[in-house]
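Tertiary structure, described
Okay, here's what each chain looks like letter by letter:
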Amino acid sequence: MATTAIIEEPGGPEKFRIVDREVGEPGPGEIRIRHEACGLNFIDVYQRTGLYPLEMPQALGMEAAGVVEAVGEGVTHLKVGDRAAYASAPPGAYTQARVMKAAQVCPLPDGISFEEGAAMMLKGLTVQYLFRRTTPIAKGDTVLFHAAAGGVGLIACQWAKSEGIRLIGTAGTDEKCQLALEHGADACINYRTEDWAAKVQELTGGKGVDVVMDAVGADTFDGSLNSLKPLGMMISFGNASGPVPPFNLGILGPKGSLKITRPTLFTHIADHATCQQMAAELFDKVTSGAVKIRIDQRFPLEDVAEAHRALEARQTTGQTVLLP
């Protein structure tokens, strides 16, 4: 049996129930993993509220780290006793143990703790595809990154710094801006006290940025488009403030023949070999010291509702883990 956080219908954090569930044995292509730590992400909120519909009842959570307890037929990259971590669909990581497909579960280097592994997989692999797999970004290019002091943002600040990419961040307090600067951002704008879009133009000498990475959504979309230089790329990869409303594709031409994409991590990691290669690059960044995983909040799994409330209220910085 495994203690598990589930929801039976969409709604607020109060919808979580803590139950005991049978774990079972892995089938072909599957493993059973016992979690030491689970990650918390905004996609979990989208699923809980029904923005991303799920079949019910449903355990939430998209990433975790722990020890492999059993291996099904055909699994060759993992064995019993291995330390491992993953970001993977479908959800179900808010639990002490689970049976799941093995393809997106990655061997975790000894130099990375279980808490770091649980906190970094979804966010770190997101940063990997943003900088390496979405549009060409070269040393000296400028990126605008919203929510730069969040879990994905602090990894992005360090990743950009390690590759000579100029990153301009935005955040909601002076303290969060300072945190982004300490993690490698070249500049960070407090969007509550400054006209951030105007400040971006000032910081770029009126040229705009090469790429915008925007997981905020509705509140920042128009300003993000206006911050791009001609032929710039808008990467809209989240909806923290709500979904981007419908817009006229024709506006991209007059604004400078802009490009726009709405990627998801799970498309990028769907192929086993690609997922493992992406994880290897992420692990290299962490074990080399180029990226440090900052965990600022820890909650017992039973307090998952409180963790969600803190995340939605934007009271968190860095990473948050749940301890089963």
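I will try to describe carefully the structure that is included in this document. Fair warning: this is a prediction, and the values are worked out from it, not measured in the lab.

With that out of the way, let us pick up helix H2 (residues 114-132). Taking 1.5 Å as the rise per residue, H2 with 19 residues should run 27 Å; its terminal C-alpha atoms sit 25 Å apart, in good agreement. Residue Met120 marks the point of greatest curvature in H2, where the axis turns by about 50°.

Quick look at the packing of aromatic side chains now. For the coordinates displayed, the defined rule picks out 5 aromatic pairs. Relative to Tyr46, the ring of Phe42 lies with its centre 5.7 Å away and its plane at 45°, an arrangement referred to as tilted. In this pair, Phe42 and Tyr46 both sit in helix H1 (residues 42-49), 4 residues apart, roughly one turn of the helix. Ring geometry for Tyr46 versus Tyr52: centroids 5.1 Å apart, planes at 65°, classification edge-to-face. Judged by its relative accessible area of 28%, Tyr52 falls in the partly exposed class. An aromatic cluster is present here, built from Phe42, Tyr46 and Tyr52 joined pairwise through their rings. Of note, Arg83 hangs over the ring of Phe114, and the distance from its end group to the ring centre comes to 4.5 Å. Just above the ring of Trp159 sits the side chain of Lys285; from NZ or CZ to the centre is 4.9 Å.

Secondary-structure assignment places Leu78 in the loop between strand S5 (63-71) and strand S6 (83-87). We classify Leu78 as buried; its relative accessible area is 4%. Apart from residues lying up to four places away in sequence, Leu78 is in contact with Ile31, Val71, Ala84, Ala102, Val105, Cys106 and Pro107.

Let us now look at the packing of H1 against helix H9 (residues 304-312). At their nearest, the axes of H1 and H9 sit 10 Å apart, and the two run at 110° to each other. In this view, H1 runs roughly perpendicular relative to H9, as classed from their interaxial angle. Contacts between H1 and H9 involve Phe42, Asp44, Val45 and Arg48 from the former and His308, Leu311 and Glu312 from the latter. Its residues assigned to classes, the contact of H1 with H9 shows 3 nonpolar, 1 polar and 3 charged.

Volume-wise, the largest pocket comes out at about 990 Å³. Lining the largest pocket are 46 residues; nearest its centre among them are Phe42, Ala147, Val152, Ala215 and Ala240. Sorting the residues of the lining of the largest pocket by element identifies H1, H2, helix H3 (151-162), strand S10 (166-171), helix H7 (265-268) and strand S16 (319-323) as the ones contributing at least two each. Broken down by class, the residue content of the lining of the largest pocket amounts to 23 nonpolar, 17 polar and 6 charged. Each pocket or cavity is described by its volume, and for the second largest pocket that value is around 180 Å³. Along its surface, the second largest pocket is lined by 13 residues, and Arg21, Gly92, Thr95, Ala97 and Arg98 are the ones closest to its centre. For the lining of the second largest pocket, the secondary-structure elements that each account for two or more residues are strand S1 (2-7), strand S4 (58-59) and strand S7 (97-101). Element by element, the count of residues in the lining of the second largest pocket is highest for S7, at 3 residues. Split into classes, the residues belonging to the lining of the second largest pocket amount to 6 nonpolar, 4 polar and 3 charged.

The rules behind these values
- Residues numbered from 1 in each chain as written.
- Predicted model: local features only at pLDDT ≥ 70, side-chain atom pairs only at ≥ 80, totals over all residues.
- Heavy atoms only, no water.
- Helix = DSSP H or I, 4+ residues; strand = E, 2+ residues; numbered from the N terminus.
- Expected span 1.5 Å × (residues − 1).
- Bend = angle between axes of the 7 residues up to and from the residue.
- Phe/Tyr/Trp six-rings, centres within 6.5 Å; stacked < 30°, edge-to-face > 60°.
- Buried < 20%, exposed > 50% of the residue type's maximum accessible area, 1.4 Å probe, protein only.
- Lys NZ or Arg CZ within 6 Å of the ring centre and 35° of its normal.
- Contact = heavy atoms within 4.5 Å.
- Axes fitted to C-alpha atoms, helices over the stretch in contact; angles between N-to-C directions.
- Parallel < 35°, antiparallel > 145°, perpendicular 65-115°, else oblique.
- Nonpolar A, V, L, I, M, F, W, Y, C, P; charged D, E, K, R; others polar.
- 1 Å grid on protein atoms, 1.4 Å probe; cavity = no way out; pocket = protein on both sides within 12 Å on 5 of 7 lines; lining within 4 Å.
- Points joined across faces, edges and corners; volume = space filled by probe spheres on them.

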